[in-house]
Amino acid sequence: MFANTEIGIDLGTANILIYTKTKGIILNEPAVVALDTKTNNVVAVGNEAKSMIGKTPKHIIPIRPLRNGVIADFDSTTQMLTAMLKKVSKKAGISMRKPTVVVCTPSGSTAVERRAIDNAIKSYGAKEVHLIEEPIAAAIGADLPVAEPQASMIVDIGGGTSEVGIISFGGVVASRSVRIGGDHIDEEIIQYIKRHFNVLIGESTAEKIKIEIGHALIEHDEKTMDVRGRDLVTGLPKVIEIKSTEVQYAIKEVLEAILNSIRDTLENCPPELSGDIVDQGITLTGGGALLQGMEKWLSKVINVPVHLAPNPLESVAIGTGRSLKMIQKLQKAAK
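Described below are features of the structure shown in this document. (Residues numbered from 1 in each chain as written. Predicted model: local features only at pLDDT ≥ 70, side-chain atom pairs only at ≥ 80, totals over all residues. Heavy atoms only, no water.)

Some remarks on the overall build of the protein chain
Along the protein chain, the regular secondary structure elements total twelve helices and 18 strands. Radius of gyration (C-alpha) of the protein chain: 20 Å, near the 20 Å computed for a compact globule of 335 residues. By its C-alpha atoms, the protein chain is 60 × 55 × 30 Å across when sized along the principal axes. Buried residues in the protein chain amount to 51% of all 335 residues. Considering only intrachain contacts with a sequence separation of at least 6, the fraction spanning at least 24 residues in the protein chain is 62%. On the protein chain, roughly 15700 Å² of surface is accessible, and the fraction owed to carbon and sulfur atoms is 49%. Across the protein chain, 38 positive and 39 negative side-chain charges occur, with their mean positions spaced 7 Å apart. (Helix = DSSP H or I, 4+ residues; strand = E, 2+ residues; numbered from the N terminus. Rg over C-alpha atoms; globule rule 2.2 N^0.38 Å. Buried < 20%, exposed > 50% of the residue type's maximum accessible area, 1.4 Å probe, protein only. Contact = heavy atoms within 4.5 Å. Areas by Shrake-Rupley, 256 points an atom, 1.4 Å probe, with all protein chains shown as cover. Lys, Arg positive; Asp, Glu negative; His and termini not counted. Charge placed at Lys NZ, Arg CZ, Asp CG, Glu CD.)

Brief notes about the pairing of strand β10 (residues 128-133)
It is a general feature of regular strands that their side chains alternate between the two faces of the sheet. Note that strand β9 (residues 100-105) and β10 share six bridges and pair parallel. Bridging from a neighbouring strand, V103 pairs with L131 of β10. Handedness of the β9-helix α3 (residues 111-122)-β10 crossover: right-handed. (Pairing = 2+ DSSP bridges. Right-handed = clockwise from strand over helix to strand, strands pointing away.)

Some remarks on the sheet that holds β10
Taking strand neighbours across the sheet as the criterion, the five strands line up as β3-β2-β1-β9-β10 in an open arrangement whose pairing is mixed. Every other strand in the sheet has two partners, leaving β3 (24-30) and β10 as the edge strands with one partner each. Recorded for the sheet is a direction-independent mean angle of 20 degrees between the axes of neighbouring strands. Pairing between strand β1 (residues 6-11) and strand β2 (residues 15-20): five bridges, direction antiparallel. Opposite I9, over in β2, you have I18 as the bridge partner. (Axes fitted to C-alpha atoms, helices over the stretch in contact; angles between N-to-C directions.)

Section: the side chain of S152
Looking at the secondary structure, you find S152 in strand β11 (residues 152-157). Leaving out residues up to four positions away in the same chain, S152 has contacts with L144, P145, G165, I166 and I167.

Considering unusual backbone geometry
Look at N198: it is not a glycine, yet its phi comes out positive at around 55 degrees. Of the residues examined, N198 reaches a relative accessible area of 39% and is grouped as partly exposed. The backbone of N303 sits at a positive phi, close to 65 degrees, despite the residue not being glycine. For N303, the location among the structural elements is in the loop between α10 (294-302) and β18 (306-308).

Below you can see the structure in the form of structure tokens.
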């Protein structure tokens with residue numbers, strides 16, 4: 001039956017993941033769309049669009065229509081989702097006629113932002129759209145016992161937002177959502193290099209620096225990396241050497257903001273559940289969880305065990321898809 005197609009969508013700032021219960025994750029591509037301003041047509045989406053950033057003629061603009069985990073440009077998001085769902089339909093051989101869709105949203109998103117997500121998915125022709133809070137989706141995807149009467153604490157560090165949630169009995173007991181994530185770490189690296197070296201680098205280079213030599217706020221063996229950019233004084237290409245300790249200093253404020261959101265959530269946790277967190281620890285998901293030394297640093301400053309989820313980059317999408325069968329139970333818990 002066409003109408004029985006059920007899909008879960010992780011509508012992330014950095015990446016969009018689409019999950020089906022029969023085939024698992026069938027799409028994982030950057031949340032980027034390239035538009036032709038002359039015709040307003042989509043030229044490319046996902047990987048192809050991301051590869052165009054900084055390399056296109058003036059009339060073709062690659063944009064990120066999602067900012068801080070929510071829709072910033074409704075029309076572009078709708079066009080991007082339509083193109084990606086068509087790609088999924090062709091690639092996986094799945095009919096996307098009137099699907100039932102579950103989409104995760106940041107726990108701090110407003111009613112207007114949630115409505116924008118709902119409308120964007122429905123405009124594609126979805127039969128039903130269910131919204132699920134990101135911490136719950138991440139916890140389900142990380143195999144935490146969310147339906148049990150015990151605390152499961154999840155920290156999901158995404159591209160645009162960081163979500164912290166304490167979940168028990170299928171509902172969020174305490175949560176904090178801060179509009180800070182991996183994109184902000186990249187931006188801090190760009191600004192640091194601009195200020196200290198008078199060199200301008202692009203987003204892709206900053207992301208590469210973060211992945212290769214980025215480090216959480218603990219002592220480590222120093223690494224160096226050659227970075228190519230444009231000299232702001234001469235306007236010519238230039239190669240500089242940057243140290244991992246410099247990157248660590250550059251991203252310090254972003255990491256401390258994430259730490260403060262974890263501390264705030266723990267302070268709002270009912271005392272009965274605090275003991276569970278001491279025993280079970282905290283689970284990290286999202287791309288930001290892969291920053292070198294992240295588990296070790298958080299465990300040291302919070303004094304609670306910190307674990308990495310089995311599939312940190314895919315936890316939210318997997319949880320969103322799995323929640324299709326337990327959506328009613330989750331909605332009852334949320335009321």
